[in-house]
Amino acid sequence: APTPTTPPSPPPATTLACVEAVGSPLYAYSLPLLRENAEKCLQFPNAYGLTVRYAMKACPNAALLSIFHNMGIHVDASSGYEVKRAMAAGIPAENISLSTQELPSDFAELVALGVKINACSVSQLERFGAAIPGGKVGIRINPGVGSGGFSKSTTSFSKTNVGGPSSSFGIWHELVSDGTVPDIVKKYSLVVERIHTHIGSGSDPEIWQQVAKSSLSFCKVFDTVTALNLGGGYKVGRNPGEPSTDLQEVGEPVAQAFREFKEENGGRELKLEIEPGTFLVAMAGALVSTVQDKVLTTGEGGHTFLKLDAGMTDVLRPSLYGAVHPMTVFPGSGLESDVGAERESVVVVGHCCESGDLMTPKPGEPEDLDERELRAASIGDFLVMDGSGAYCAGMSTKNYNSFPEAPEVLVDGDGNVHVIRVRQSLEQIYENERDVQEGLF
């Protein structure tokens, strides 16, 4: 299946321009690719209306939120803080949906502003009903299966599965069928306007499709439901040979299922909501770093190591999941003429005093290192990690070893570099610390 435009790394000259603008390391995002991927999502097959919600946890920079907002894409938030961050970026409250593991204490105020909330547990539904009797609410249901990009099982625990018996996300589906949830809805005269399911990030397209169809059965329980929100990140192939979800192919059978639902349920037309994050931004972003050291070990088990000025403080996915990112070495001069043909097998590591700061793990095995064949690199050369637009800048171990948060830039269609976040200063890392009273120790 096609990939959402798998780009080569930014050319050497653009890479150098990014570094000259904000220093190394940095995150760079392609404006044309962000728009291209957004257009693909907006064309997702649907029967009676579509709302695309950007899963902002993937990369929450205000510039990206604004780009998608201007294209008609709404926001999926995962915490009360993300809701307020989105509103601070200019996103209207009524365009924000909140599904969260921790319902914020001020959720009623957010609802009053127009934010839509999906209750993700029985206690959340009780709290919502007690605070807003008669209110409109969505219900997130755990459909009993999950699917994530680093898991082969649909029911066992995985870091990327958020459905099934091993997942705490959502209200277990049997609590809907046994009357528990309907009783709470009746108790508080709630209006259930939305059913939400989510099975994982990088979901298997076939499993996602099956869950999408089965989720319609939950909409039958409440005749007030007007929308079905089918969460779950679409699989994106970051490396050659890795499959990616074809949105048209996976979406058309779901649209047909919505049409059949209408025929079987007295003409009820449900709108579709989807929540892409990875699909929108993963391949539109890259981490640009510099090779700051090169060391070797000899004998059995020996390796050549490239040490970057970045690491798990910037891209955690390899250390967390055993994720494999495409890598390209460019000359520090930024000149095409200096790009060499010689190649070497290396292990790429980060700059943290942490043995797990590994950028080239074996696929799916974060505890085991692997070699990667790259252009021969010298100290001072650039190493670009593609596929770093999603769950990198927004999900890192920033400030470990007191390394500052890296800056972000946006590269437009003409190759111009626009700074969208400056590098954090050392003082900003510890500015919230306070002196203790004299004599305490």
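Coordinates for the structure precede this section.
These notes cover the structure that comes with them. Note that the coordinates shown come from a computational prediction; the quantities given were computed from them, not determined experimentally. (Residues numbered from 1 in each chain as written. Predicted model: local features only at pLDDT ≥ 70, side-chain atom pairs only at ≥ 80, totals over all residues. Heavy atoms only, no water.)

### So, the overall build of the protein chain
A tally of helices and strands in the protein chain yields 13 helices and 20 strands. For the protein chain, the C-alpha radius of gyration of 23 Å lies close to 22 Å, the compact-globule estimate for 441 residues. Across its three principal directions, the C-alpha atoms of the protein chain cover 70 × 65 × 45 Å. Burial statistics for the protein chain: of 441 residues in total, 52% are counted as buried. Here the protein chain has roughly 18900 Å² of accessible surface; of this, 50% comes from carbon and sulfur atoms. When the 34 basic and 54 acidic side-chain charges of the protein chain are each reduced to a single mean position, those positions are 6 Å apart. (Helix = DSSP H or I, 4+ residues; strand = E, 2+ residues; numbered from the N terminus. Rg over C-alpha atoms; globule rule 2.2 N^0.38 Å. Buried < 20%, exposed > 50% of the residue type's maximum accessible area, 1.4 Å probe, protein only. Areas by Shrake-Rupley, 256 points an atom, 1.4 Å probe, with all protein chains shown as cover. Lys, Arg positive; Asp, Glu negative; His and termini not counted. Charge placed at Lys NZ, Arg CZ, Asp CG, Glu CD.)

### Here's the deal with the pattern of salt bridges
Tallied over the full model, the rule gives 13 salt bridges. Lys40 serves as the salt-bridge partner of Glu36, at 3.8 Å between the closest nitrogen and oxygen. Taken together, the residues span about one helical turn, with Glu36 and Lys40 both in helix H2 (residues 31–42) at a distance of four residues. Residue classification places Glu36 among the partly exposed positions, given a relative accessible area of 32%. Under the relative-accessibility criterion, Lys40 is labelled partly exposed at 29%. Residue Glu269 pairs with Lys262 through a salt bridge whose shortest N-O separation is 2.7 Å. For Lys262, a relative accessible area of 26% gives the class partly exposed. Overlapping salt bridges bring together Lys398, Glu405, Glu408 and Arg421 as one network. (Salt bridge = Lys/Arg side-chain N within 4 Å of Asp/Glu carboxyl O.)

### Section: the environment of Phe169
By secondary structure assignment, the location of Phe169 is in the loop between strand S6 (136–142) and strand S7 (171–172). Phe169 sits 90 residues away from Arg259 along the chain, and the two C-alpha atoms are 29 Å apart.

By themselves, these figures tell us nothing about what the structure is for.
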